[in-house]
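# Overview (structure and organization)
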Amino acid sequence: MLVLGIESTCDETGCAIVEDGRKILSNIVSSQTELHEVYGGVVPELASRRHIEIFPTILKQALAEADVTLKQIDLIAVAKGPGLIGALLVGLNFAKGLALSQGIPFVGVNHVKAHLTAAMMEKEVPFPALGLIVSGGHTALVVVKSEGEFELIGQTQNDAIGETFDKVATMLGLKYPGGPKLELLAKGGNPLRFPLKIGRTGDRPYDFSFSGLKTAMLYLIKGQNGSSHGPDVISEEEKKDAAASFQHVAFTDIANKATLAAKEFGCKSIIVGGGVSRNLTLRIYLEEKCQLPIFWPQDELCLDNGAMIASHGYFEYKRKGTSDPFDLEALPRIPIGEK
Ligand code: KG4
Ligand code: ZN
């Protein structure tokens, strides 16, 4: 079955053709980083406009690279949420238009769940698996019973890990999106130099809390009364230690909770998804802590892309059938725990 996957939840426009949920025939992604960089973050209105401009070109490229025509597509899968409302509406309506005009079955999928499907595309994963989602907008632990079936067991109570990386990176004077740049800066630093603390999560052992850590980083870099863009109170050399210490405390927490949860829920493996899964320090911390097999997405599937939407759409279609293009709405705040 040939599935066209369409992604536009934030600042990446993606079209991909995937066969039977696993074989990627093409995966075209257009990133808007340069457009938003000057503003220090994503400007929703600009993101929507760029999606509108670029979708036809991206679709043509995806079809050409896969060497198929629109007529050969068996299913169109689109990210219905969560994400920016304007950006979602562009992808959703593009997908609906294609589906209705060509008479192609159509399915809307949850973008966050699709991030986990990315790591399952290449290899057979032993279930139940513990899913760890570490993206710009989400941080969560889920039990994955099969390719489409997820049960939420914990999530962040405030900021997501990717968002925290980006905000701390801004304090360190790094350009948006700062996550990968913070990782680079931390390379030369001492992770034990600054004793930082991770936030408490009350009686929810598998939840996360990063907002206190973010504030602690602000005080460390800018002083007690400082603001994100104010002058630094630490040297350039100390910034490396600050970045390494930040990664150390955040990733120790994530690795500990994922390992404990996998044990408690009898999981046979761990699956990781989302932009922060590109971070090599996270990979090392989790591999060292947890003895189970760990499945990471290929590099080009870590960030937002259409291939993971096509793959997840295939499994959702097998489980639940199609969506009605006249009925399906964009769902900017759809919960991760949605069945
Ligand atoms: O999954 P994603 O593409 O978007 C969402 O669905 O949210 O993730 C983007 C996030 C950004 O916050 C970015 O800074 C972060 O992933 N990221 C990283 C790294 N590469 C991307 N964070 C830490 N280390 C990295 N190497
Ligand atoms: Zn994403």
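Model, not experiment: these values are computed from the prediction.

### What about the sheet that holds strand 7 (residues 139–144)?
Here we have five strands laid out as an open sheet, ordered 8-7-6-9-10, and mixed in their pairing. Because the sheet does not close on itself, it has two edges, and the strands there are strand 8 (150–155) and strand 10 (294–295). Pairing between strand 9 (residues 269–273) and strand 10: two bridges, direction parallel. Paired with isoleucine 270 across the bridge in strand 10 is isoleucine 294.

### What about the pairing of strand 8?
As paired elements, strand 7 and strand 8 share five bridges and run antiparallel to each other. Each bridged residue has a counterpart across the sheet, and for valine 144 the counterpart in strand 8 is phenylalanine 150. What sits between the antiparallel neighbours strand 7 and strand 8 is a turn of five residues.

### Side note on the coordination of the zinc ion (ligand 2)
Taken together, His111 (NE2), His115 (NE2) and Asp304 (OD) make up the protein donors of the zinc ion (ligand 2), found 2.0 to 2.1 Å from the metal. One can describe the donor arrangement at the zinc ion (ligand 2) as tetrahedral, given that its four donor atoms subtend angles of 96 to 129 degrees at the metal. Donor residues binding the zinc ion (ligand 2) come from one chain and are separated in sequence as H-x3-H-x188-D. Residue histidine 111 and its partner histidine 115 are both found in helix 4 (residues 111–118); the two are separated by four residues, about one turn of the helix. Overall, histidine 111 belongs to the buried group, its relative accessible area being 7%. Judged by its relative accessible area of 1%, histidine 115 is buried.

### Here's the deal with the sheet that holds strand 3 (residues 23–31)
As summarised here, the arrangement of the five strands in space is 3-2-1-4-5, forming an open sheet in which the pairing is mixed. The open sheet has two edge strands with one neighbour each: strand 3 and strand 5 (106–110). Put simply, the sheet's adjacent strands are angled 20 degrees from each other on average, direction ignored. Relative to strand 5, strand 4 (residues 75–81) runs parallel, the two being bridged by five bridges. Each bridged residue has a counterpart across the sheet, and for valine 78 the counterpart in strand 5 is glycine 108. The sheet strands contacting helix 4 are strand 1 (2–7), strand 4 and strand 5, and the helix crosses strand 5 at an angle near 85 degrees.

### Focus: the environment of serine 235
Tracing the sequence through the fold places serine 235 in the loop between helix 7 (211–222) and helix 8 (236–264). Through-space distance from the C-alpha of serine 235 to that of histidine 248 is 20 Å; in sequence the pair is 13 residues apart.

### Digging into the side chain of glutamate 7
Among the secondary structure elements, glutamate 7 is positioned in strand 1. The side chain of glutamate 7 is buried and forms no salt bridge, while lysine 80, the nearest opposite charge, is found at 13 Å. Of note is the side chain of glutamate 7, whose polar atom sits 2.9 Å from the side chain of histidine 111. With near-sequence residues (within four places) excluded, glutamate 7 lies in contact with Glu12, Thr13, Gly14, Phe55, Ala79, His111, Asp304, Asn305, Gly306 and Ile309.

The rules behind each value
Residues numbered from 1 in each chain as written. Chains lettered and ligands numbered in written order. Predicted model: local features only at pLDDT ≥ 70, side-chain atom pairs only at ≥ 80, totals over all residues. Heavy atoms only, no water. Pairing = 2+ DSSP bridges. Helix = DSSP H or I, 4+ residues; strand = E, 2+ residues; numbered from the N terminus. Donors = N, O, S within 2.8 Å, 3.2 Å for Na, K, Ca; no water. Tetrahedral: all angles 85-135°; square planar, octahedral: opposite > 155°, others 65-115°. Buried < 20%, exposed > 50% of the residue type's maximum accessible area, 1.4 Å probe, protein only. Axes fitted to C-alpha atoms, helices over the stretch in contact; angles between N-to-C directions. Contact = heavy atoms within 4.5 Å. Lys, Arg positive; Asp, Glu negative; His and termini not counted. Salt bridge = Lys/Arg side-chain N within 4 Å of Asp/Glu carboxyl O. Polar contact = N/O pair within 3.5 Å; in protein donor to acceptor, adjacent residues only side chain to side chain.

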